[in-house]
Amino acid sequence: MDEPAAKSAAHLATPAMAFNTRCVHGGDARNPSGHVSPPICLSTAFVLPDPEIGARRAADVSSDEFYGRWGSRNAREFESLIASLEEADEAVAAASGLAIIGTIAQTFLRHGDHCIASYDSYAEVRILLQDLAERGGIEITFVRSTDTQNFANALRPNTRLIFTETPANPTLNLVDIQALANLSRAAGCLLVVDSTFASPVNQQPLAWGADIVVHSATKYLGGHSDAVAGVCAGSAALMAQVRHSFSFHGPHLDPFTAWLLCRGVRTLHLRVRQQNANALHLARFLEAHAAVAQVMYPGLSSHPQYRLAQQQMRGGGGMVCFSLKGGRDAALALLDNLRLIKMAVSLGGVSSTLTHPGSMTHNLLSPAERALAGIDEGLLRFSVGIEEAVDLERDLAQGLNGR
Ligand SMILES: *Cc1c(COP(=O)(O)O)cnc(C)c1O
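Quick notes on the rules
Residues numbered from 1 in each chain as written. Predicted model: local features only at pLDDT ≥ 70, side-chain atom pairs only at ≥ 80, totals over all residues. Heavy atoms only, no water. Pairing = 2+ DSSP bridges. Helix = DSSP H or I, 4+ residues; strand = E, 2+ residues; numbered from the N terminus. Axes fitted to C-alpha atoms, helices over the stretch in contact; angles between N-to-C directions. Contact = heavy atoms within 4.5 Å. Core = buried A, V, L, I, M, F, W, Y, C linked by side-chain atoms within 4.5 Å. Buried < 20%, exposed > 50% of the residue type's maximum accessible area, 1.4 Å probe, protein only.

### Observations regarding the sheet that holds strand 5 (residues 190–194)
No. 1: Sheet architecture is open: 7 strands sit in the order 1-7-6-5-4-2-3, paired in mixed fashion. What marks the edges here is a single partner per strand, and that holds for strand 1 (90–94) and strand 3 (139–143). Strand-to-strand twist of the sheet, defined as the mean angle between neighbouring strand axes without regard to direction, takes the value 20 degrees.
No. 2: In this structure, strand 1 lies alongside strand 7 (residues 230–234), joined through 5 bridges in antiparallel fashion. The residue of strand 7 that forms the bridge with Glu-90 is Gly-234.
No. 3: Contacting strand 2 (114–118), strand 3 and strand 4 (159–165), helix 6 (residues 123–136) crosses the sheet at an angle of about 150 degrees to strand 3.
No. 4: Packed onto the sheet, helix 8 (residues 177–187) meets strand 4 and strand 5 and runs at close to 155 degrees relative to strand 5.

In structure tokens form, the structure reads like this:
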């Protein structure tokens, strides 16, 4: 066998270990090097021991010892880490969240197929799917995702894929994964769930019956705002199909980024636990503040789907959305007044950031599309970091009162 060391370490990645332990050790089987911190392997080609092994690796796109576009050792370590956290057979990582979502769409949707997605999907995902529909002869129906019945009503005989996101960006609407999985299984189509906002700490879509879970690893998995990547996980059969089209489309994850992601995931459980606690604290603070019109947070009992959140999620996550009574002007003024909390897009990092989706992340959508996605002009999206909650609260208080 090629990899005796990897084989002997395979037991380390078993789901029997606690989640926290798997964050640290879930990729160990892919790091047979003996280094506690795995080396970065930059080589794009590998010496083939003999022609037979060369031919075998050439026929196996999952090999990490053949050619760089198929993936590096570091990318494989990250993939096995995520497979371990999601309790999936396998994972496939790519150069961005969009790259892996695009690869999934290209893998499973063919000319004439129908796909159902939600209005409040990540804006660029919506644009990607619309583009596929226009160029690729694929039909897309967008639905309101909070009611499973809307998906049922949209089903057609040629529906091949249901793509959804929970909690949704930026509305924090939830999808009942189990109900949707029952529906999609009965209809014979695939359910893909973007679980970026929850991270594997707070939600496991595969355990509720989803076929594929997707993450923008740029967010919580990397966690330090310094790596762009995406990853999906699911059964060996589905991942083999994704990997096959991946190896030809080429959205490869570079070794250094994969290394940064593995480093990030080792503290995922600690970071997200702190973010859950901070976000709940600040959501309560905002809800009680006179200048605030509405707060959306899955961990607040005022969330319209609070019961579903309690059932499906282990924590409310680090994302809070709120709107101010003063609308857009007040929202922009708050962004300007903050000192500690940074005005920035993206999310899931250790630093708290605040975004105005209407002008910053969802500006590519038309006003009508924004309205359908539930984004009003006064909405703010708060990515709560791992700072001490009292410091964040003080910054928000001075920002809100200073207007
Ligand atoms: C950021 C994000 C994406 C896209 O990921 P990239 O890494 O930016 O390509 C997809 N879905 C959600 C929910 C996101 O937050």
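So that's the structure; there's more coming.
### Considering the environment of Asn-74
No. 1: As for its placement among the helices and strands, Asn-74 is situated in helix 4 (residues 73–86).
No. 2: Separated by 36 residues in sequence, Asn-74 and Pro-38 have C-alpha atoms that sit 8.0 Å apart.
No. 3: With residues up to four places along the chain from it excluded, the contact list for Asn-74 reads Pro-39, Ile-40, Cys-41, Pro-255, Ala-258, Trp-259 and Cys-262.

### Brief notes about the nonpolar core
No. 1: Phe-78, Leu-221, Leu-253 and Leu-268 are the most contacted members of the largest nonpolar core, which totals 39 residues.
No. 2: Sorting the residues of this core by element identifies helix 2 (19–25), helix 4, strand 1, strand 7, helix 11 (255–265), helix 12 (268–287) and strand 9 (319–324) as the ones contributing at least two each.
No. 3: With residues near it in sequence (within four places) discarded, Leu-268 still touches Cys-23, Leu-85, Pro-200, Val-201, Tyr-220 and Leu-221.
No. 4: The next biggest cluster of nonpolar side chains, apart from the first, holds 30 residues, and it includes Leu-132, Leu-190, Val-192 and Val-242.

Geometry only, nothing functional implied.
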